[in-house]
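# Inside the fold
If you want the building blocks of each chain, they are given just below.
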Amino acid sequence: MLSALRFAKSIPTVTVARTAHRAYSAAAASEALRKTVLYNYHIENGAKMVPYAGWSMPVLYSNLSVGASHNWTRTNASVFDVSHMLATRVTGKDRVKFFESLTVADIENLPVGSSTLSVFTNEDGGIIDDTIICKHEDSLYVVSNAGCADKDLAHIRAHLKEFQNKGGDADLKIIDDHALIALQGPKAAAVLESLVEKDLRDFPFMDGRFMTIKGIDCHVARSGYTGEDGFEISVPNNDAVEFTKLLLASPDVELAGLGARDSLRLEAGLCLYGHELDETITPVEAGLTWTIGKRRRAEGGFLGASKIQDQLKNGVSKRRIGLVVQGAPARENAPIYANGELVGKVTSGCPSPSTKKNVAMGYVKNGLHKSGTELEVEVRGRKQKAIVTKLPFVPAGYHKV
Amino acid sequence: MSLATFSTRLFPTMRSQAMARFATPSSSFARFYGTKKYTEEHEWIDIDNGIATIGITDHAQGSLGEIVYVQSADLKDVEKGDTIGSVESVKAASDIYAPVSGKVIEVNEDVAANPSLLNDNPEGEGWLCKIQLSSDADVSNLLSEEAYKKLVEAQH
């Protein structure tokens, strides 16, 4: 068994035992893995570390299984170390113009202090990476995927040079002197409020603020990747362990790893780069049209704009969908059929701890994407019924002001 | 041809334990292999009177973590190495491979209904299925407990 140890024929995501967590590994095992400043803290707290995007990251902790950690996050609050993610600061008086040339976001009309999900596009309208852009008075604070860090930086720098050569005023700085710690769950706000001794009800989801928490200067973004209310807090490296301990001092907070993070984001219908998103998929196909500002749709001015504008006008051939699968859980790459015809494939799937159903996301031909459409998914040679289901699979708990 | 295989062929659609009991010679019959053996795929196999009970090892369940879904084997002839179901955690699926050739004559319905049995008692109540060995079943490369322990240690 433990095909885990013997890569299964039909299930590429198989893990376990020694080869375990290969699903999480983007880097070759021979490469030295990078460690976040919380590495020792993770080990001390019983973390099982796995290679992920070139980093050694906790997948779970000894006190909670992935399912239990998932459920804890949905009912209380969890702390995730997301310091592996690429954080950058974009400065210069033409920074908005520069970043709008690379992404689909309407940064011009984004209020100062607010942020948006966006995507870096390529010439074909495909997605180089997804990213969160937060607009501050004097700069843009940008967070993107660790697994895409190298190519993102190469892409941004190449275009930056061109932009500067044409007289544009913009610059890019990697923020590597801060750790990024996510506090997620319905009790996250109460936990943070007790530390800052301040009411955070007027702090809208997707806003970012500079705050001093127990004497530590932090950047706090009310956002996350779980479908719950929560915060992603940028903390100076030297204070990161101390800060994490402050959060964990609350009985409502537990540590959580990549395992729970993946099932939480999947239930929340959130895309994971390399699964739902890649360079062949456009934001329109991915159901991320809402990230393209109205002005940007009309004006274009980003890479691949003509392709994306054409899709907005004439439609797309494939679409991202949610599926509830009967029988065995469908995992990445499971083929999707409609009346016996191959119409797409699953990009992520797991047994959902919150709904107790087998959930998945994937792409199917346009026209088969409507909720309630009956499809079939093949798992280990067996075709199983799968129903197209509206995303997210669980109601979002994002804070509304 | 043993009595067991003969009976199975007579009643190919009969399932489960009743069949196995019917087909198995009385308890006075010598146990061919009394001790549990292991495979490199982290399965255990306990052969008694030509019937192999199969499950995953305690090490395997520990590596998989919380098991939330078990896909049972079909009751049919299998070749050694065939996929005969899977066990799955939230994060991953692992195929189960037939460690011997024969016919799946019974599956543990309890683990399908309650997959946590596989975490709680993988080498007892959490057994997965029973395979009636084919007459030419090859059991020579199964590992002793000692050999399996060494394998697990070597993988750490």
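The residue numbers shown here count from 1 along each chain, following its written sequence. To label them, take the chains in the order written and letter them from A, then take the ligands in the order written and number them from 1. In keeping with the model being predicted, local features are shown solely for residues with a pLDDT of at least 70 and side-chain atom pairs are shown and tallied solely at 80 or more, while totals for entire chains, interfaces and linings include all residues. Side-chain figures throughout are based on the complete set of non-hydrogen atoms in the structure, without hydrogens or water.

### A closer look at the overall build of chain B
Under the scheme used here, helices are H or I runs from DSSP no shorter than 4 residues and strands are E runs no shorter than 2 residues, and both carry numbers assigned from the N terminus. If you tally the helices and strands in chain B, you get 6 helices and 9 strands. Only protein chains enter the accessibility calculation, which uses a 1.4 Å probe. A residue is then buried if its area is under 20% of the maximum for its type, exposed if over 50%, and partly exposed in between. Here chain B holds 156 residues, and the buried ones make up 51% of them. In chain B, the proportion of contacts linking residues at least 24 apart, taken out of those at least 6 apart, comes to 55%. Here chain B has roughly 7400 Å² of accessible surface; of this, 50% comes from carbon and sulfur atoms. For this analysis, residues touch if any pair of their heavy atoms sits within 4.5 Å. For the accessible areas, the method is Shrake-Rupley and the probe is 1.4 Å, while residue cover comes only from the protein chains on display.

### Here's the deal with the overall build of chain A
A tally of helices and strands in chain A yields 9 helices and 19 strands. Taking all 401 residues of chain A together, the buried fraction comes to 58%. Considering only residue pairs separated by 6 or more positions, chain A has 64% of its internal contacts joining residues 24 or more positions apart.

### Topic: the UniProt feature "modified residue: N6-lipoyllysine" (unreviewed entry) in chain B
UniProt tags Lys91(B) as "modified residue: N6-lipoyllysine" (unreviewed entry). Note that Lys91(B) resides in the loop between strand S6 (83-89) and strand S7 (93-97). UniProt positions are given in the numbering used here, feature names are shortened, and annotations may be inferred rather than shown by experiment.

### Side note on the UniProt feature "binding site: substrate" (unreviewed entry) in chain A
Residue and element names in this part refer to chain A. UniProt tags Glu232 as "binding site: substrate" (unreviewed entry). With respect to the secondary-structure elements, Glu232 resides in strand S12 (residues 230-236). In this structure Glu232 comes out as buried when scored by relative accessible area, which is 12%. Excluding its chain neighbours within four sequence positions, the residues that come into contact with Glu232 are Leu180, Ile181, Ala182, His219, Val220, Ala221, Ser223, Gly224 and Tyr225.

### Brief notes about the sheet that holds strand S4 (residues 86-91) of chain A
Residue and element names in this part refer to chain A. With antiparallel pairing, the 5 strands of this open sheet are ordered in space as S5-S6-S7-S4-S8. Among the strands making up the open sheet, the edge pair consists of strand S5 (115-121) and strand S8 (171-174). Averaged over all pairs of adjacent strands, the angle between strand axes in this sheet comes to 30°, irrespective of strand direction. Examined bridge by bridge, S4 and S8 share 4 bridges and lie antiparallel to one another. The residue of S8 that forms the bridge with Thr88 is Ile174. Whether two strands pair comes down to DSSP finding at least two bridges between them. Interaxial angles span 0 to 180 degrees and are taken between N-to-C directions of axes, which are lines fitted to C-alpha atoms, for helices over the stretch in contact.

### A short note on the nonpolar core
Generally speaking, a soluble globular protein has its nonpolar side chains buried in company with each other. Counting residues in each nonpolar core, the largest one holds 30 residues, and the members touching the most others are Leu183(A), Ile213(A), Val220(A), Phe231(A), Ile233(A) and Phe243(A). Ignoring sequence-local partners within four residues, the contact set of Leu183(A) consists of Ala77(A), Ser78(A), Val79(A), Ala188(A), Val191(A), Leu192(A), Asp229(A), Gly230(A), Phe231(A), Leu247(A) and Val253(A). Each nonpolar core is a collection of buried residues, namely Ala, Val, Leu, Ile, Met, Phe, Trp, Tyr and Cys, held together in the definition by side-chain atoms within 4.5 Å.

### Some thoughts on the pattern of salt bridges
Here a salt bridge means any side-chain nitrogen of Lys or Arg lying within 4 Å of a carboxyl oxygen belonging to Asp or Glu. Applying the stated criterion to the full structure yields 25 salt bridges over all chains. One salt bridge connects Glu100(A) with Arg296(A), and the closest N-O pair in it is separated by 4.0 Å. On the criterion of sequence distance, the pair formed by Glu100(A) in helix H3 (residues 95-102) and Arg296(A) in helix H8 (residues 294-299) is long-range, its members being 196 residues apart. Pair check on accessibility: Glu100(A) and Arg296(A) agree, each one buried. We note a salt bridge from Arg380(A) to Asp95(B), for which the minimum N-O separation is 3.9 Å. With Arg380(A) in the loop between strand S18 (374-379) and strand S19 (382-389) and Asp95(B) in strand S7, this pair bridges two chains. By the burial criterion, Arg380(A) is buried, and Asp95(B) matches it. Residues participating in the shared-partner salt-bridge network are Glu100(A), Asp106(A), Arg295(A), Arg296(A) and Glu299(A).

### Some details on the packing of aromatic side chains
Working definition: an aromatic ring pair is given by the centre-to-centre distance plus the angle between the planes. Note on aromatic pairs: the rings of Phe, Tyr and Trp (six-membered ring only in Trp) are paired at centre separations within 6.5 Å, and the planes decide the class, stacked below 30 degrees, edge-to-face beyond 60, tilted for the rest. Within the structure shown, the criterion is met by 6 aromatic pairs over all chains. Positioned above the aromatic ring of Tyr363(A), the side-chain terminus of Lys318(A) is 5.6 Å from the ring centre. Criterion for a charge above a ring: Arg CZ or Lys NZ at most 6 Å from the ring centre, at most 35 degrees from the ring normal. Here Lys130(B) stacks its cationic end above the ring of Trp127(B), 4.9 Å away from the centre of that ring.

### Some words on the sheet that holds strand S17 (residues 358-365) of chain A
All names here are of chain A. Spatial strand order, S14-S17-S16-S15-S18-S19: 6 strands in a closed barrel with antiparallel pairing. Strand-to-strand twist in this sheet, taken as the mean axis angle between neighbours without regard to direction, amounts to 40°. As judged from the 7 bridges shared by strand S16 (residues 341-351) and S17, these two strands associate in the antiparallel manner. Following the sheet pairing, Cys350 is matched in S17 by Val359.

### Looking at the pairing of strand S7 (residues 140-144) of chain A
All names here are of chain A. Among the 5 residues in S7, 5 count as buried, and that is most of the element. Taking every second residue as pointing to the same face, both faces of S7 are buried, with Leu140, Val142 and Ser144 on one and Tyr141 and Val143 on the other. Pairing of strand S6 (residues 127-135) with S7 involves 5 bridges; the strand directions are antiparallel. Bridge pairing in S7 links Thr131 to Ser144. Connecting the antiparallel pair S6 and S7 is a turn made up of 4 residues.

### Some details on the pairing of strand S1 (residues 47-52) of chain A
Residues in a regular strand point their side chains to alternate faces of the sheet. All names here are of chain A. Here S1 pairs with strand S2 (residues 55-61) via 6 bridges, running antiparallel. Each residue of the ladder has a partner; that of Lys48, found in S2, is Leu60. Here S1 hands over to S2 after 2 residues, with Ala53 in that stretch at a positive phi of 50°.

### A look at the side chain of His219(A)
All names here are of chain A. Among the secondary structure elements, His219 is positioned in strand S11 (residues 216-221). What makes His219 buried here is its relative accessible area of 4%. Pairs of N or O atoms within 3.5 Å make up the polar contacts considered here, provided that, within protein, one atom can donate a hydrogen while the other can accept it, and that residues adjacent in sequence are counted only when both atoms are side-chain atoms. A distance of 2.7 Å separates a polar atom in the side chain of His219 from a polar atom in the side chain of His136. With sequence-adjacent residues up to four places away left out, His219 is seen in contact with Cys134, His136, Tyr141, Gly208, Arg209, Phe210, Glu232, Ile233 and Ser234.

### Considerations on unusual backbone geometry
Residue and element names in this part refer to chain A. A cis amide bond, omega 0°, links Leu391 with the succeeding residue Pro392. Mapping Pro392 onto the fold places it in the segment after S19. Non-glycine residue Glu197 carries a positive phi angle of around 50°. Within the element layout of this structure, Glu197 appears in the loop between helix H5 (188-196) and strand S10 (208-213). Positioned with a positive phi, Asn333 is a non-glycine residue whose angle comes to about 80°. When you line up the elements, Asn333 lands in the loop between strand S14 (318-325) and strand S15 (335-338). A relative accessible area of 35% means that Asn333 is categorised as partly exposed.

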